[in-house]
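Residue strings, one per chain:
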Amino acid sequence: MSNLKKFLWNKDKRSSISLTFDDGMKSHLDLAIPILEDFGLAGTFYPVAGGDWQASLNRFRPAFENGHEIGNHSIHHWCSCAASINLDRNGLEYRTYDELESELQSADQRFRAVFPEINRWSFCYPCYNTFVGRGKGRRSYVPVVANHFFAARAGCEMSVAINSPYHADLHCLNSWKCEYRSAGDLISLVERTNDLGGWSIFTFHGIGEGHLPVERSDFEKLCDYLDKARDHLWTAPLMDVAEDLCNSKIDQ
Ligand SMILES: [Zn+2]
């Protein structure tokens, strides 16, 4: 813990927060982005490149041009089906490593076609799952992601989802699941992050609507807190913090 306190984010900040938004939801465009911009904050948005993918991704172009990050959330959004009572074999348990690699390469081409200006991309693991196959054939697909992306956000199997500046895996970054959390709960996670001198990535889905929501007023209170904490806390898109971490000289 004493080591963590030596590290400074973005040159002089004690801790860092990234706000990430999954699945290209309507409330990201209608609520999250305007609220973030009211407080002078920038987030990371992970739409899916399926269906009419050019239209889906282009909806986020104004956000990109206003300084928000756009990241890759795959084409098919394959997740574990271990809890599904549906007989379809569409889950990661039935996929191969090669299929995953092909999926990620195709997704990368689609995102780059719509946003040719972006050189370095981050990836967001659908459903936080980082494996493919089952039983003796089950393996991590983090290495595929590491071959194709600069950074990637997963979930966290432990109770504390903070990323250490010394030990974080840039291709399997921890994140906090934020659905149904109150402003007080979210702010307490920020404070814990600041106490440790780490980096927390918050995962949001719907804001005031849709699946896995956070109430609009709770999200606004969080943004207000982050805005007022700028002197010691750096809130920035995931890629900005990942690059800062890569470029920083770690003083151990
Ligand atoms: Zn998703």
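Please refer to the structure placed before this passage.
The paragraphs below set out a description of the structure included in this document. This is a predicted model, so every value here is computed, not measured.

1. Quick look at the packing of helix H1 (residues 26-38) against helix H7 (residues 216-228)
So, point 1. Where H1 meets H7, the closest approach of the two axes is 10 Å, and the angle between their N-to-C directions is 25 degrees. The angle between H1 and H7 places the two elements in the roughly parallel class. In this structure, H1 meets H7 at a crossing whose hand is right-handed. Contact with H1, carried on its side by Leu31, Ile35 and Leu36, involves Arg216, Phe219, Glu220 and Cys223 of H7 and no other residues of that element.
So, point 2. In the contact of H1 with H7, the residues fall into five nonpolar, no polar and two charged.

2. Examining the packing of helix H6 (residues 183-196) against H7
So, point 1. Between H6 and H7, the least distance of the axes is 8 Å, while the angle of their chain directions is 30 degrees. It follows that H6 is roughly parallel to H7 by the angle criterion. As H6 packs across H7, the resulting crossing turns out to be right-handed. When H6 is examined against H7, the residues Ala183, Leu186, Ile187 and Val190 are found in contact with a partner set consisting of Asp218, Lys221, Leu222 and Tyr225.
So, point 2. Looking at the contact of H6 with H7, its residues break down into six nonpolar, no polar and two charged.

3. Focus: helix H8 (residues 238-247)
So, point 1. Among the residues of H8, Leu238, Met239, Val241, Ala242 and Leu245 are the ones counted as buried. Along the axis of H8, the buried residues cluster in a sector spanning 165 degrees; they form a single face.

4. Considerations on helix H4 (residues 97-114)
Because an α-helix completes one turn every 3.6 residues, residues spaced three or four positions apart along the sequence face the same direction.
So, point 1. Counted at 1.5 Å a residue, the expected span for H4 with its 18 residues is 26 Å, and the 26 Å between its end C-alpha atoms agrees.
So, point 2. Among the residues of H4, Leu100, Leu104, Ala107 and Phe111 are the ones counted as buried. Mapping the buried residues of H4 onto a view down its axis gives an arc of 65 degrees, with all of them on the same face. Seen from the open side of H4, the exposed residues pointing more than 90 degrees away from its buried face are Asp98, Ser102, Gln105, Gln109 and Ala113.
So, point 3. Tucked into the core, H4 has its buried residues touching helix H2 (53-58), strand E5 (131-132) and helix H5 (142-148).

Criteria and thresholds
Residues numbered from 1 in each chain as written. Predicted model: local features only at pLDDT ≥ 70, side-chain atom pairs only at ≥ 80, totals over all residues. Axes fitted to C-alpha atoms, helices over the stretch in contact; angles between N-to-C directions. Helix = DSSP H or I, 4+ residues; strand = E, 2+ residues; numbered from the N terminus. Parallel < 35°, antiparallel > 145°, perpendicular 65-115°, else oblique. Left-handed = near helix turned anticlockwise from the far one by under 90°. Contact = placed C-beta atoms within 7 Å. Nonpolar A, V, L, I, M, F, W, Y, C, P; charged D, E, K, R; others polar. Buried ≥ 20, exposed ≤ 12 C-beta atoms within 10 Å, placed from the backbone. Arc of directions from axis to C-beta. Expected span 1.5 Å × (residues − 1).

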